[in-house]
Amino acid sequence: MKLFTILVSTILVNNYVFARFLGICPFLGVSTKMETATGMGFAVTFVITLASAITYFIQHAILDPLGIGYLQTLIFILVIASLVQFIELFIRKTSPGLYNAMGVYLPLITTNCVVLGVTILNIQEKYTFIEAITSGFGASLGFFLALILLSGVREKLELADVPEALKGVPIALISAGLMSIAFSGFSGLV
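Numbering of residues begins from 1 in every chain and follows the order in which that chain's sequence is written. The predicted origin of the model limits local features to residues at a pLDDT of at least 70 and limits the giving and counting of side-chain atom pairs to 80 or more, whereas totals for whole chains, interfaces and linings rest on all residues. No hydrogens and no water enter the side-chain calculation; it runs on all heavy atoms of the structure.

Trainee: How would you summarise the pattern of salt bridges if you had to cite specific residues and measurements?
Mentor: In what follows, salt bridge is the name for a side-chain nitrogen of Lys or Arg lying within 4 Å of a carboxyl oxygen of Asp or Glu. Considering all chains together, one arrives at four salt bridges under this definition. Linking Glu131 and Lys2 is a salt bridge whose minimum nitrogen-to-oxygen distance equals 3.4 Å. Taken together, the residues Glu131 in helix α7 (residues 129-159) and Lys2 in helix α1 (residues 2-13) connect sequence positions 129 residues apart. The rule is simple: take the accessible area with a 1.4 Å probe, protein chains only, and divide by the maximum for that residue type; under 20% is buried, over 50% is exposed, in between is partly exposed. We classify Glu131 as buried; its relative accessible area is 11%. Note that Glu88 is salt-bridged to Arg92, the shortest N-O span being 3.8 Å. With Glu88 and Arg92 both in helix α4 (residues 72-94), this residue pair falls four residues apart, about one helical turn. Taking relative accessible area as the criterion, Arg92 reaches 40% and is therefore assigned partly exposed. Segments assigned H or I by DSSP are reported as helices when at least four residues long, segments assigned E as strands when at least two residues long, and all are numbered from the N terminus.

Following this line, the structure appears as structure tokens:
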């Protein structure tokens, strides 16, 4: 039951984009088209889930026993950067069009605060290994959901009669704000 609670919490209640406001840069940058949002969602899901598992092991098997927990952020960023390099090479090889569409946002997964935030919060919450992976997977699904929702809205807004001053990023920020308010309705769920 605790795993289900963690999963629902990270997807809906404590969504890292809508409740914690982390990962806004790729959220706004990649959400213009459904295809790029989907590609980024899969890439972030892979990176966060795997990073949650690897960083849990590193924290509990290396950093804590050696008493070098102060290196946590540096080591976690190195792990995340390595995973991002792997996924970047994979996407470049398998889907060059998606790779080009994602542009600079793909390597920026390394500095996406959602990824680092999830790995550090997993340790701070004292999750077990399975709970950390569940939290990472749920957080990435929440990020994926946020990307898909905003990209769907932005594609519809391209066809709408939006005042000139609000076109582009301003209407995207307004839409994201309204989604954040809507997601606050899940607060009593967990």
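What follows picks up the thread again.
Trainee: Describe a nonpolar patch on the surface, naming the residues involved and giving the relevant values.
Mentor: Only residues whose relative accessible area exceeds 30% and that form no salt bridge are eligible for patches; like-charged ones are grouped when within 9 Å, while nonpolar side chains (Val, Leu, Ile, Met, Phe, Trp, Tyr) are grouped when within 5 Å. Note on areas: Shrake-Rupley with a 1.4 Å probe; residue coverage comes only from the protein chains shown. On the surface, Leu166, Ile174, Leu178 and Ile181 cluster together to form a nonpolar patch covering roughly 370 Å² of accessible area. The residue Ile174 is located in helix α8 (residues 169-183) in this model.

Trainee: Mind laying out the packing of aromatic side chains, listing which residues take part and the relevant values?
Mentor: Two rings from Phe, Tyr or Trp (for Trp, the six-membered ring) form a pair when their centres sit within 6.5 Å of each other. Planes less than 30 degrees apart are called stacked, planes more than 60 degrees apart edge-to-face, and all others tilted. Per the counting criterion, the structure on display carries six aromatic pairs. Ring centres of Phe18 and Phe27 lie 5.8 Å apart, and the angle between their planes is 90 degrees; on these two criteria the pair is classed as edge-to-face. Of the two residues examined, Phe18 and Phe27, each falls in the buried class. An angle of 75 degrees between the planes, with centres 5.4 Å apart, marks the rings of Phe183 and Phe186 as edge-to-face. Residue Phe183 is classed as buried on the basis of its relative accessible area of 10%. Taking the relative accessible area as the measure of exposure, Phe186 reaches 30% and is therefore partly exposed. An aromatic cluster of at least three residues, connected via ring pairs, comprises Phe18, Phe27, Phe183 and Phe186. A cation over an aromatic ring shows up here: Arg20 above the ring of Tyr16, its NZ or CZ 4.9 Å from the ring centre. Placement of a charge over a ring requires the Lys NZ or Arg CZ to be within 6 Å of the ring centre, with the centre-to-atom vector within 35 degrees of the ring normal.

Trainee: Could you give an account of α8, naming the residues involved and the relevant values?
Mentor: When the terminal C-alpha atoms of α8 are compared, their 21 Å separation across 15 residues agrees well with the 21 Å that a helix rising 1.5 Å per residue should span. Within α8, the full set of buried residues consists of Ile171, Ala172, Ser175, Ala176, Met179, Ser180 and Phe183. Whether two residues are in contact is decided by their heavy atoms: any pair within 4.5 Å suffices. In this fold, the buried residues of α8 make contact with α1, α2 (24-29) and α7. A helix is expected to span 1.5 Å for every residue after the first.

Trainee: So, the packing of α4 against helix α6 (residues 113-124): which residues are in play, and what are the values?
Mentor: Axis lines are fitted to C-alpha atoms, over the contacting stretch for helices. Their N-to-C directions set the angle, which ranges from 0 to 180 degrees. Interaxial distance between α4 and α6 falls to 10 Å at its minimum, and their mutual angle equals 130 degrees. Classified by the interaxial angle, the pair formed by α4 and α6 is oblique. As α4 runs across α6, the sense of the crossing is right-handed. Between α4, through Gln72, Thr73, Phe76, Ile77 and Ile80, and α6, the contact on the second element is made entirely by Val115, Leu116, Thr119, Ile120 and Ile123. In the contact of α4 with α6, the residues fall into seven nonpolar, three polar and no charged. Oblique is the label for any angle not covered by the other classes, which are roughly parallel (under 35 degrees), roughly antiparallel (over 145) and roughly perpendicular (65 to 115). Left-handed is the label given to a crossing in which the near helix is rotated counterclockwise from the far helix by less than a right angle, and right-handed is the label when the rotation is clockwise. The residue classification treats Ala, Val, Leu, Ile, Met, Phe, Trp, Tyr, Cys and Pro as nonpolar and Asp, Glu, Lys and Arg as charged. All others, Gly included, are polar.

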